[in-house]
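Listed below, chain by chain, are the residues.
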Amino acid sequence: MRLSPNTINHQGEEKMCHCTSSEVVKKVHESVLNSPLPARTLAHAVGKKYSTLLREINPYDSRAKLGVETFMDILRITGDITPLEEMVKELGYSLRSQA
């Protein structure tokens, strides 16, 4: 799904956005594939069948959707927040550690 080039940001201002939500999914895909945990183990840990998880994180399958609960579980289990960083970047924000 492509976002409109003219998007209203959190402050009500119009800004140009040439990003796609699949960029976030690409980061999730990379995170799962590069995790020290095998993808099958990760799928079991998030309560998904292996084939279902791989479909949900496939950035080239526009019909599959990655749910927020699974997204959060992947971040927690892998410890990789790169997908979250991509998401907030696309929204015009940045992350700051609480530590």
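Residues numbered from 1 in each chain as written. Predicted model: local features only at pLDDT ≥ 70, side-chain atom pairs only at ≥ 80, totals over all residues. Heavy atoms only, no water.

**A few points about the overall build of the protein**
Turning to step 1, where the next piece is worked out: In terms of helices and strands, the protein carries five helices and two strands.
Turning to step 2, where the next piece is worked out: Each helix (α) and strand (β) of the protein, taken in turn from the N terminus, gives the series β-β-α-α-α-α-α.
Turning to step 3, where the next piece is worked out: Burial status across the protein gives 30% buried among its 99 residues.
Turning to step 4, where the next piece is worked out: For the protein, the proportion of contacts with a sequence separation of at least 24, taken over those separated by at least 6, is 47%.
Turning to step 5, where the next piece is worked out: As displayed, the protein has an accessible area near 6900 Å², and 53% of this comes from carbon and sulfur atoms. (Helix = DSSP H or I, 4+ residues; strand = E, 2+ residues; numbered from the N terminus. Buried < 20%, exposed > 50% of the residue type's maximum accessible area, 1.4 Å probe, protein only. Contact = heavy atoms within 4.5 Å. Areas by Shrake-Rupley, 256 points an atom, 1.4 Å probe, with all protein chains shown as cover.)

**Observations concerning the packing of helix α1 (residues 22-34) against helix α5 (residues 82-90)**
Turning to step 1, where the next piece is worked out: At a closest axis distance of 8 Å, the pairing of α1 and α5 adopts a crossing angle of 170 degrees. In terms of axis orientation, α1 runs roughly antiparallel to α5. Contact residues: Glu 23, Val 24, Lys 27, Val 28 and Ser 31 in α1; Thr 82, Pro 83, Glu 86, Met 87 and Glu 90 in α5.
Turning to step 2, where the next piece is worked out: Of the residues assigned to the contact of α1 with α5, the class counts are four nonpolar, two polar and four charged. (Axes fitted to C-alpha atoms, helices over the stretch in contact; angles between N-to-C directions. Parallel < 35°, antiparallel > 145°, perpendicular 65-115°, else oblique. Nonpolar A, V, L, I, M, F, W, Y, C, P; charged D, E, K, R; others polar.)

**Structural notes on the nonpolar core**
Turning to step 1, where the next piece is worked out: With twelve residues, the main nonpolar core is built from Val 24, Val 28, Val 32, Ala 39, Leu 42, Ala 43, Val 46, Leu 53, Ile 57, Phe 71, Ile 74 and Leu 75.
Turning to step 2, where the next piece is worked out: Secondary-structure elements contributing two or more residues to this core are α1, α2 (39-45) and α4 (68-78).
Turning to step 3, where the next piece is worked out: When sequence neighbours within four positions are dropped, the list of residues in contact with Ala 39 reads Val 32, Tyr 50 and Leu 53. (Core = buried A, V, L, I, M, F, W, Y, C linked by side-chain atoms within 4.5 Å.)

**Notes on the side chain of Thr 78**
Turning to step 1, where the next piece is worked out: Relative to the elements of secondary structure, Thr 78 occurs in helix α4.
Turning to step 2, where the next piece is worked out: At 3.4 Å, the side chain of Thr 78 forms a polar contact with the side chain of Ser 31.
Turning to step 3, where the next piece is worked out: There is a polar contact of 2.7 Å between the side chain of Thr 78 and the backbone oxygen of Ile 74.
Turning to step 4, where the next piece is worked out: Apart from the residues lying within four places of it in its own chain, the contact partners of Thr 78 are Ser 31, Ser 35 and Leu 42. (Polar contact = N/O pair within 3.5 Å; in protein donor to acceptor, adjacent residues only side chain to side chain.)

**Focus: the confidence of the model for the protein**
Turning to step 1, where the next piece is worked out: Per-residue confidence for the protein averages 86 on the pLDDT scale, and 79% of its residues sit at or above 70.
Turning to step 2, where the next piece is worked out: For residues 1-6, every residue scores under 50 in pLDDT, and the model assigns this stretch 15 contacts once sequence neighbours within four places are set aside. (pLDDT = per-residue confidence, 0-100.)

**What to know about the pattern of salt bridges**
Turning to step 1, where the next piece is worked out: This model, assessed by the stated rule, comprises five salt bridges.
Turning to step 2, where the next piece is worked out: Here Glu 23 and Lys 26 are joined by a salt bridge, their closest N and O atoms 3.2 Å apart. Of this pair, Glu 23 and Lys 26 both sit in helix α1, separated by three residues, roughly a single helical turn.
Turning to step 3, where the next piece is worked out: Owing to a relative accessible area of 28%, Glu 23 belongs among the partly exposed residues under this scheme.
Turning to step 4, where the next piece is worked out: Lys 89 is the salt-bridge partner of Glu 86, the closest N and O atoms lying 3.4 Å from each other. Taken together, the residues Glu 86 and Lys 89, both in helix α5 and three residues apart, mark about one turn of the helix. (Salt bridge = Lys/Arg side-chain N within 4 Å of Asp/Glu carboxyl O.)

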